[in-house]
Amino acid sequence: MAKKIIKQLKLVIPAGKANPAPPVGPALGQAGINIGDFVTKFNAATAKMMGDIVPVAITVYEDRSYVFVLKTPPASSLILKAIGVEKGSGTNVSKKVGKITKAQIKEIAEKKLPDLNANDIQAAMKIIEGTCRSMGVEVK
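Residues numbered from 1 in each chain as written. Predicted model: local features only at pLDDT ≥ 70, side-chain atom pairs only at ≥ 80, totals over all residues. Heavy atoms only, no water.

> Tell me about the overall build of the chain, and name the residues and values.
When helices and strands are tallied, the chain shows five helices and five strands. Counting from the amino terminus, helix and strand elements in the chain follow one another as β-α-α-β-β-α-β-α-α-β. If you line up the chain on its principal axes, its C-alpha atoms span 50 × 35 × 25 Å. Sorting the 140 residues of the chain into buried and exposed places 36% on the buried side. Once local pairs closer than 6 in sequence are excluded, the contacts in the chain between residues at least 24 apart make up 59%. Split by element, the accessible area of the chain, about 8,400 Å² in all, is 55% carbon and sulfur. Within the chain, one finds 21 positive and 11 negative side-chain charges whose respective centroids are separated by 4 Å. (Helix = DSSP H or I, 4+ residues; strand = E, 2+ residues; numbered from the N terminus. Buried < 20%, exposed > 50% of the residue type's maximum accessible area, 1.4 Å probe, protein only. Contact = heavy atoms within 4.5 Å. Areas by Shrake-Rupley, 256 points an atom, 1.4 Å probe, with all protein chains shown as cover. Lys, Arg positive; Asp, Glu negative; His and termini not counted. Charge placed at Lys NZ, Arg CZ, Asp CG, Glu CD.)

> Please give an account of helix α3 (residues 75-83) that cites residues and values.
Inspection of α3 places A75, L78, I79, L80 and I83 among the buried residues, and these make up the whole buried set. Phi turns positive, to about 75°, at G84, one or two residues after α3.

> A description of the sheet that holds strand β2 (residues 53-61) should follow, citing residues and the corresponding values.
Strand order in this open sheet of three strands is β1-β2-β3, and the pairing throughout is antiparallel. The sheet terminates laterally at β1 (5-14) and β3 (66-70), the two strands that pair on one side only. For this sheet the average axis-to-axis angle between neighbouring strands, irrespective of direction, equals 20°. Pairing geometry for β2 and β3, over five bridges, is antiparallel. Its bridge partner lying in β3, I58 is registered against F68. Most of the contacts of helix α1 (residues 24-31) go to β1, to which it runs at about 170°, and overall it touches β1 and β2. (Pairing = 2+ DSSP bridges. Axes fitted to C-alpha atoms, helices over the stretch in contact; angles between N-to-C directions.)

> Would you mind going over the packing of aromatic side chains in detail, with residue names and values included?
Enumeration over the complete set of coordinates arrives at four aromatic pairs. Taken together, the ring pairs connect F38, F42, Y66 and F68 into an aromatic cluster. (Phe/Tyr/Trp six-rings, centres within 6.5 Å; stacked < 30°, edge-to-face > 60°.)

Here is the structure:
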């Protein structure tokens, strides 16, 4: 028989840098998860992704066991990393913060494809291009 799910959490944590301090610790503690165990497992699983921000979906079961699924980093953080800027434009129409090439967009789309609602790489590229435009990044 399947275990009964009591809670589902979604957190965004820097890869390899999870610690019991807020906001991670309190969120896990309220769900009844062993915080130290989660932190060590998460840091081991994300050690190769250092420098990225990693969304994680945690499913907590009735017996206090849990399973976590790592997602791909947000498209906005991948775009900012590709163009070498700290943050996007507040006024995306009048002020551009950088330029990105189609090759870079394709690379980001391939990385994000499992988490995007797209059937092929072309549709994924259009989604990433839309994110670029909303951030004030010029697509070349």
